[in-house]
Amino acid sequence: MERTDRDIDAYLAALEGDRADAMRELDRVIAAEFAGLERVLWRGVFWGGTEQEIIGYGAIAQPRPRGGSVDWFLVGLADQAKHLSIYVNAAEGGGYLVQRHASELGRVKVGSAAVAVPSLDRLDLEAFVRVLRRARELTPDVR
């Protein structure tokens, strides 16, 4: 995946469908918590080989398992076929942050570093904001 220069507000305004408002609301929440940090649309082939568009918040150097690192985002937001995905690339205590707080996030599905949100009313927004704040605290070099 690569950064694009596409205007995120225009991208969000063009979204249609059941989850468009939820995408805009989650963007508002995440962008507020990451004010002053990079907010950019990433596009390309993502894990599993699917073409994706992900709004990335906060630029980080993500370590790779076999050494080195890649430019990436601290938090990402994407509209999927059946849900919204939120990726939180922060770890604490040997595990991804969202896994450590899975029970607090509401009726959502939590993977390694991802939260699948079928509808906004199933996500505990207060707990989610606490996770965002903790992710930023754990990543002092985010830009």
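Definitions and cut-offs
- Residues numbered from 1 in each chain as written.
- Predicted model: local features only at pLDDT ≥ 70, side-chain atom pairs only at ≥ 80, totals over all residues.
- Heavy atoms only, no water.
- Salt bridge = Lys/Arg side-chain N within 4 Å of Asp/Glu carboxyl O.
- Helix = DSSP H or I, 4+ residues; strand = E, 2+ residues; numbered from the N terminus.
- Buried < 20%, exposed > 50% of the residue type's maximum accessible area, 1.4 Å probe, protein only.
- Polar contact = N/O pair within 3.5 Å; in protein donor to acceptor, adjacent residues only side chain to side chain.
- Contact = heavy atoms within 4.5 Å.
- Core = buried A, V, L, I, M, F, W, Y, C linked by side-chain atoms within 4.5 Å.
- Phe/Tyr/Trp six-rings, centres within 6.5 Å; stacked < 30°, edge-to-face > 60°.

## Considering the pattern of salt bridges
Step number 1: For the coordinates displayed, the defined rule picks out 12 salt bridges.
Step number 2: Between Arg6 and Glu53 there is a salt bridge; the shortest N-O distance is 3.5 Å. Pair noted here: Arg6 is in the loop between β1 (2-3) and α1 (8-14) and Glu53 is in strand β3 (residues 51-63), with a separation of 47 residues, a long-range link.
Step number 3: For Glu53, a relative accessible area of 26% translates into the label partly exposed.
Step number 4: For Asp79, the salt bridge is made with Arg19, and the minimal N-O distance between the two is 3.0 Å. Taken together, the residues Asp79 in strand β4 (residues 69-79) and Arg19 in the loop between α1 and α2 (20-33) connect sequence positions 60 residues apart.
Step number 5: For Asp79, a relative accessible area of 28% translates into the label partly exposed.
Step number 6: Exposure remark for Arg19: the relative accessible area of 18% places this residue in the buried category.
Step number 7: Through salt bridges that share partners, Glu92, Arg100, Arg134 and Glu137 make up one connected network.

## Brief notes about the side chain of Ser85
Step number 1: Looking at the element boundaries, Ser85 is found in strand β5 (residues 84-88).
Step number 2: A polar atom in the side chain of Ser85 sits 3.3 Å from the side chain of Gln80.
Step number 3: Engagement of the side chain of Ser85 in a polar contact is seen with the side chain of His83, the distance being 3.3 Å.
Step number 4: Non-local contacts of Ser85, meaning those with residues more than four positions away in its chain, are made with Gly76, Leu77, Ala78, Gln80 and Val115.

## Digging into the environment of Arg107
Step number 1: With respect to the helices and strands, Arg107 occurs in the loop between α3 (97-100) and β8 (109-110).
Step number 2: Taking relative accessible area as the criterion, Arg107 reaches 54% and is therefore assigned exposed.
Step number 3: Along the sequence, Arg107 and Glu16 sit 91 residues apart, while their C-alpha atoms lie 24 Å from each other.
Step number 4: The contact partners of Arg107, leaving out residues within four places of it in the chain, are Pro118, Asp121 and Arg122.

## Here's the deal with the nonpolar core
Looking at soluble globular proteins, one finds that nonpolar side chains tend to be buried together.
Step number 1: Counting residues in each nonpolar core, the largest one holds 45 residues, and the members touching the most others are Ile55, Val75, Ile86, Leu105 and Phe128.
Step number 2: Apart from residues no more than four positions distant in its own chain, Ile86 is found in contact with Leu26, Val75, Gly76, Leu77, Ala113, Ala114, Val115, Val117, Leu123 and Phe128.

## Some details on the packing of aromatic side chains
Step number 1: Using the criterion set out here, one finds three aromatic pairs in the structure.
Step number 2: Judged by centre distance (5.8 Å) and plane angle (70°), the ring pair of Trp42 and Phe73 falls under edge-to-face. Within this pair, whereas Trp42 is found in strand β2 (residues 39-45), its partner Phe73 is found in strand β4, the two being separated by 31 residues in sequence.
Step number 3: What makes Trp42 buried here is its relative accessible area of 2%.
Step number 4: Residue Phe73 is classed as buried on the basis of its relative accessible area, which comes to 1%.
Step number 5: On the basis of an interplanar angle of 25° and a centroid distance of 4.4 Å, the ring pair of Trp72 and Phe73 is categorised as stacked.
Step number 6: Residue Trp72 is classed as buried on the basis of its relative accessible area of 9%.
Step number 7: Here the aromatic residues Trp42, Trp72 and Phe73 are joined through ring pairs into a cluster of three or more.

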